[in-house]
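# Structure assessment
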Amino acid sequence: MTYKYFAYFLSAFLVIFAVLFGWIYSIYRREKELLDEYRRLSSED
Amino acid sequence: MMESFYSKAGNRIMAIAISVLWLVVLYLVLAVTRIDPDQQMAQKIFYYHVPSAWTAGIAFLAVAVSGGFYLFTQNEKWDHLGLASAELGTLFCALVLITGPIWAKPIWGEPWSWEPRLTTVLIMFLIYIGYFLLRQFGEIGERTRRVSAVIGIAAFVNVPIIYVSVKFWSAEAQLHPQPGMSQQPADVYWTFILSLITFTLLFVHLLRNRLHLLKLQSQMSRMRDDI
């Protein structure tokens, strides 16, 4: 029974971790794409 | 000169400090706080569920305040602050709506109940889905930004309603727990406070990160136009 309750806690914790980590990673990827484009455009000038 | 958010030492230090606080909270939750005899480990979801709701409330307040400033000044930076806060508020609101049913399933026997607190939080989430539909599909420009600001201000009315919903409606309609934190034992109280601080710092950090990206997007947009 204890393990069942722990599984619920673990599920909630992992969901929060995955959502926040996913958010941070998506911002990082978008920032990287923009900076790559910026460097490419700057080098063409 | 455009540079990465984490190229600044202060932002890296902040990210490390928040990660350490996150681990300390996890340790306190797992190893120090008492286990509720009825709800056992499921009760500990509370240490993440309530701070998520608190953070969503702060974010929605930021949307309303920045919306007000935008309507007065028409300055793009207030629109950026409103958009970034709205995104993060909705993200944390989604976490509330996910972790709540995970807790409710073993405790209530069902993941959802149409009682006042849950229903008002869901309404808040749906209002912000509408906000993003407007931002995504509305015409690009001043009008959409102004309407978004007005929606952000109007939507904030729901935050105090969510807060008082456990008292506003009759006791028979209530199912959501209403713990008085000041009466909680020290281990529960201080772990909860530390979790609140961690989530608040995380929100501020994520908000600054998102604002940095919006600034980069604006700069790039102008650069493309110039070319």
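Only a predicted model underlies this, so the values are computations on that prediction, with no experimental measurement involved.

## Quick notes on the pattern of salt bridges
Side chains that differ in charge, positive against negative, can pair when their charged atoms come close. Taken as a whole and judged by the stated rule, the model has eight salt bridges over all chains. Salt-bridge contacts for A:Asp36 lead to A:Lys32; the nearest nitrogen and oxygen are separated by 3.4 Å. Here A:Asp36 pairs with A:Lys32, and both are found in helix 1 (residues 2-44), just four residues apart, close to one helical turn. Between B:Glu142 and B:Arg145 there is a salt bridge whose closest N-O contact spans 3.9 Å. One end of the pair is B:Glu142 and the other is B:Arg145, both in helix 5 (residues 142-155) and three residues apart, which spans about a single turn. Take B:Arg145: its relative accessible area is 25%, and that puts it in the partly exposed class. Overlapping salt bridges bring together A:Lys32, A:Asp36 and A:Arg39 as one network.

## As for the interface of chain B and chain A
The interface of chain B with chain A comprises 42 residues on the first partner and 24 residues on the second. Where chain B abuts chain A, roughly 3200 Å² becomes buried across the two surfaces, and 80% of that area is made up of carbon and sulfur atoms. Ionic pairing is found between A:Glu37 and B:Arg224, a salt bridge with its closest N-O pair at 2.7 Å. Seen at the junction of chain B and chain A, the total is three residue pairs in polar contact (both at pLDDT 80 or more). Only helix 1 (9-32), helix 2 (46-73), helix 3 (76-108) and helix 7 (186-226) of chain B provide two or more residues apiece to the side of chain B that touches chain A.

Quick notes on the rules
Every chain's residues receive numbers from 1 upward, in the order its sequence appears when written. Think of it this way: whatever chain is written first is A, whatever ligand is written first is 1, and the rest follow in order. Restriction of local features to residues with pLDDT of at least 70 applies here, the model being predicted, together with a cutoff of 80 or more for giving and counting side-chain atom pairs; totals for whole chains, interfaces and linings are based on all residues. Side-chain numbers here rest on the full set of heavy atoms in the structure, without hydrogens or water. Definition used for salt bridges: Asp or Glu carboxyl oxygen within 4 Å of a side-chain nitrogen of Lys or Arg. The way it works is that DSSP assigns letters per residue, a run of H or I at least four long becomes a helix, a run of E at least two long becomes a strand, and they are numbered from the N terminus. Relative accessibility under 20% of the residue-type maximum defines a buried residue, over 50% an exposed one, and the middle range a partly exposed one, all with a 1.4 Å probe and only protein chains included. Residue contacts are defined here by distance: any two heavy atoms, one from each residue, within 4.5 Å place the two residues in contact. A 1.4 Å probe defines the accessible area here, and the buried area is the portion of it lost by two parts on being joined, summed over both. Polar contacts, as counted here, are pairs of nitrogen or oxygen atoms within 3.5 Å of one another; within protein the pair requires one atom able to donate a hydrogen and one able to accept it, and residues that are adjacent in sequence qualify only if both atoms are side-chain atoms.

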